[in-house]
Amino acid sequence: MKTLYLDCESGISGDMIVGALLDLGADEKVMRKALEGLGSEGVKIVTERVMKNALDCCNFDVVLDEQHDNHDHDMEYLYGHLSGHEHGHDDHRHDHDDYDHNHDDHHHDHDDHDHEHRHDHDDHDHGHHDHDHHHHEHRNLSDVEKIMDGLEMTPKARILAGKVFEILAQAEAKAHGKDVREVCFHEVGALDSIADIVAAAVCFDNLGIDRVIIPKLCEGTGTVRCAHGILPIPVPAVMNVASMYGLAIKQTERPVELITPTGAAFAAAVMTDRKLPETFVPIKVGLGAGKRAYEYPSVLRAVIIDDVDRRSPEGDTIWKLETNIDDSTGEELGFVLERLLSKGAKDAFYTPVYMKKNRPAWLLTVITERELIPVMEDIIFDNTTTIGIRRQKMERTVLPRQSVTVSTGYGDVEVKVCMHNGEEKVYPEYESAAQIARREGVSIKNVYDTAVRAYLGE
């Protein structure tokens, strides 16, 4: 099992992710092959080594022609609305142009632009800027999917890229009160962000990563200008992704934006664990360079680790509590099970047994973490007639898993996704599926099958 740890102390963005994964050893030729389909639309892919505060990093840059360029590197545009606001300068400039390209997520539309809309959508508030004006395109999720259909990708990479865009669409839909398929991408529908997401998915798949640990995403504070005007940091799309997928955000005092929507969405799509093991061995480190000129350098550190705890026999353990009960009522036993599960038991169940003198009874088994043993035992002693509880420490093997929400014709369904030997196993959550089945008057199997197909993009 290959475990990836993403250290997001300096934030996370699409280009930083790709740079870090390339630095870890992802095959650049495979990535470039996947992006060839974008070349006809004025996209040039540049990879190079750059220095960030004396750190050797991999820089992944999507260079656009004049027609498609967004100038998202422009610190005056992003933060010029802040009176007296000053930013430090990074120690890197690209040798192929006179300015830094920051091509990730906030592709900012400016006043008086001639916007081409592929679909009819509401107009949005655009910030003011004195740069030369450029032509921009707005795309919805269907437009993006059509572009991806023409790219050479493995099925797993295609599914992952689609999942990232779906997460972004969900976040934008929630922010603007629209249906997912109606959301028009101002930022992530731009060609450079499509390239970022596709490249990140291809590199991730190429590395064969099974498990991703992301303890937290560090973010700045204040405000930033984007396509919808001046917004608070974290911007709404980032906040919605974190809320929907349980990303932990640590807000710092740095008056800049550190987490982009693409960075947050990719993290949500791949994260399986939030807690680093107590001890681990770093096998390989990759550093991905950011583009914006902040005083503190933007660097994403990606580390392939050997989880010593997981490898050790003492690594992943649980506790089993057992007791035989022959004189509690069915109502009492049902109540105990309900209480145990509501207080954090991983599982609890009864097994029919025969005790001494051939008396029929029930064996109560509780699976729990060590810290919850006192709580579990108190519940059992308080609510049953037992006078003794056996406990046993047990080793176990657990598949990496994550919880995601998929959109179906019936509505949103929560599913659990497990990984084994590079293969995804998708299990819809019962309560989520059952609620929809009751509401829509369909079988729960129908909801299950629909949710699995939606996740797999079928």
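Caption draft 1: Local environment of the overall build of the protein chain. Looking only at helices and strands, the protein chain has 13 helices and 20 strands in total. Relative to its full complement of 458 residues, the protein chain shows a buried share of 53%. Contacts spanning at least 24 positions in sequence make up 71% of the contacts within the protein chain whose residues lie at least 6 apart. Accessible area for the protein chain stands at about 21,100 Å²; split by element, carbon and sulfur atoms hold 48% of it.

Caption draft 2: Structural view of the side chain of Thr-3. Tracing the sequence through the fold places Thr-3 in strand β1 (residues 3-7). The exposure class assigned to Thr-3 is buried, which follows from its relative accessible area of 3%. When sequence neighbours within four positions are dropped, the list of residues in contact with Thr-3 reads Arg-211, Ile-213, Val-303, Ile-304 and Ile-305.

Caption draft 3: Seen up close, unusual backbone geometry. Here the amide bond leading from Ile-233 into Pro-234 is cis, since omega sits at 0 degrees, within 30 degrees of zero. Along the polypeptide, Pro-234 turns up in the loop between β10 (229-232) and α7 (236-245). Phi is positive for Lys-357, close to 60 degrees, though the residue is something other than glycine. Looking at the secondary structure, you find Lys-357 in the loop between β15 (347-354) and β16 (360-368). Relative accessible area serves as the criterion here: at 73%, Lys-357 is assigned to the exposed category. Even without being glycine, Asn-358 reaches a positive phi, approximately 60 degrees. Relative to the assigned elements, Asn-358 resides in the loop between β15 and β16.

Cut-offs applied
- Residues numbered from 1 in each chain as written.
- Predicted model: local features only at pLDDT ≥ 70, side-chain atom pairs only at ≥ 80, totals over all residues.
- Heavy atoms only, no water.
- Helix = DSSP H or I, 4+ residues; strand = E, 2+ residues; numbered from the N terminus.
- Buried < 20%, exposed > 50% of the residue type's maximum accessible area, 1.4 Å probe, protein only.
- Contact = heavy atoms within 4.5 Å.
- Areas by Shrake-Rupley, 256 points an atom, 1.4 Å probe, with all protein chains shown as cover.

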